[in-house]
Amino acid sequence: VMDPDGYSQESLRRDLTVLRRPDAPVAALEASLYRLQRVHPGPDRAEFVRVLIDLIRKPELSPIVRRNASLALARLGSPDPAHRAALLDALADPDLSVRATCRWALHEWAIVSSEG
């Protein structure tokens, strides 16, 4: 069942607030990241990308959170070399799923940039 509110800009701004919170509950982070994998954040895209990169760089977070952040990043892309470098750094993550999704995000970014 589709949740129309889940696609609203208001809902996405709430997600951005959750993703920025250092003390956000894991369940709230996961819900926001799952939504972001399905819905383009619109005008706040650059800020979402920055926050997602920050989540991937936090080894103390659950691998599930870091993995889902990289999956959302794969959809959004980024021309910033620092963002690409963060994904390359994450290829050394102790968790295999984080390494795999970061590799996939880099692959997706390469496809998009070669098409552009």
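This text goes with the structure placed above it.
Residues numbered from 1 in each chain as written. Predicted model: local features only at pLDDT ≥ 70, side-chain atom pairs only at ≥ 80, totals over all residues. Heavy atoms only, no water.

Trainee: Sorry if this is basic, but what is going on with the packing of helix α3 (residues 45–56) against helix α4 (residues 63–76) here?
Mentor: A pair of packed helices is captured by two measures, namely the crossing angle of their axes and the spacing between those axes. Contact geometry for α3 and α4: axes closest at 9 Å, N-to-C directions at 150 degrees. Crossing of α3 against α4: the hand is left-handed. Each of Arg45, Phe48, Val49, Leu52, Ile53, Leu55 and Ile56 in α3 lies in contact with α4, whose residues at this interface are Arg66, Ala69, Ser70, Ala72, Leu73 and Leu76. Partitioned by chemical class, the residues of the contact of α3 with α4 number 10 nonpolar, one polar and two charged. (Axes fitted to C-alpha atoms, helices over the stretch in contact; angles between N-to-C directions. Helix = DSSP H or I, 4+ residues; strand = E, 2+ residues; numbered from the N terminus. Left-handed = near helix turned anticlockwise from the far one by under 90°. Contact = heavy atoms within 4.5 Å. Nonpolar A, V, L, I, M, F, W, Y, C, P; charged D, E, K, R; others polar.)

Trainee: Where do I start with the nonpolar core in this structure?
Mentor: Most often, soluble globular proteins have nonpolar side chains that are buried together. If you look at the biggest cluster of nonpolar residues, it comprises 31 residues, and the most contacted ones within it are Leu19, Leu52, Leu73 and Leu87. Listed by contribution, the elements that provide at least two residues to this core are α1 (9–20), α2 (26–38), α3, α4, α5 (81–90) and α6 (96–115). When residues of this core are assigned to their parent elements, the largest contribution, seven residues, is made by α3. With residues up to four places along the chain from it excluded, the contact list for Leu87 reads Ile56, Leu73, Cys102, Ala105, Leu106 and Trp109. (Core = buried A, V, L, I, M, F, W, Y, C linked by side-chain atoms within 4.5 Å. Buried < 20%, exposed > 50% of the residue type's maximum accessible area, 1.4 Å probe, protein only.)

Trainee: Just to check I follow, could you spell out the side chain of His83 for this structure?
Mentor: Here His83 is to be found in helix α5. Not counting the four nearest positions on each side in its chain, His83 is found in contact with Val49, Arg50, Ile53, Ser78 and Trp109.

Trainee: Just to check I follow, could you spell out the environment of Gly77 for this structure?
Mentor: Within the element layout of this structure, Gly77 appears in the loop between α4 and α5. Its relative accessible area of 12% is what places Gly77 among the buried residues. A sequence separation of 31 residues divides Gly77 from Glu108, and the C-alpha atoms of the two residues are 7.8 Å apart. Sequence-distant contacts of Gly77, that is, excluding residues within four places in its chain, are made with Arg45, Val49 and Trp109.

Trainee: Even after reading the chapter, I still don't get the environment of Leu16, so can you show me in this structure?
Mentor: Tracing the backbone through its elements, the reader meets Leu16 in helix α1. Assessed through its relative accessible area of 6%, Leu16 is described here as buried. Excluding anything up to four places from it in sequence, Leu16 contacts Asp44, Glu47, Phe48 and Val51.

Trainee: Sorry, what's going on with the pattern of salt bridges here?
Mentor: Counted by the stated rule, this structure contains eight salt bridges. Of the charged contacts, one joins Arg13 and Asp44 as a salt bridge, the two residues approaching to 4.0 Å between their closest N and O atoms. With Arg13 in helix α1 and Asp44 in the loop between α2 and α3, this pair connects stretches of sequence that are 31 residues apart. Judged by its relative accessible area of 44%, Arg13 falls in the partly exposed class. Judged by relative accessible area, Asp44 falls into the partly exposed class, the value being 23%. Arg50 is the partner of Asp54 in a salt bridge, and the nearest nitrogen-oxygen pair spans 2.7 Å. Here the residue Asp54 and the residue Arg50 both occupy positions in helix α3, the gap between them amounting to four residues, near one helical turn. By relative accessible area, Arg50 is classed as partly exposed at 37%. (Salt bridge = Lys/Arg side-chain N within 4 Å of Asp/Glu carboxyl O.)

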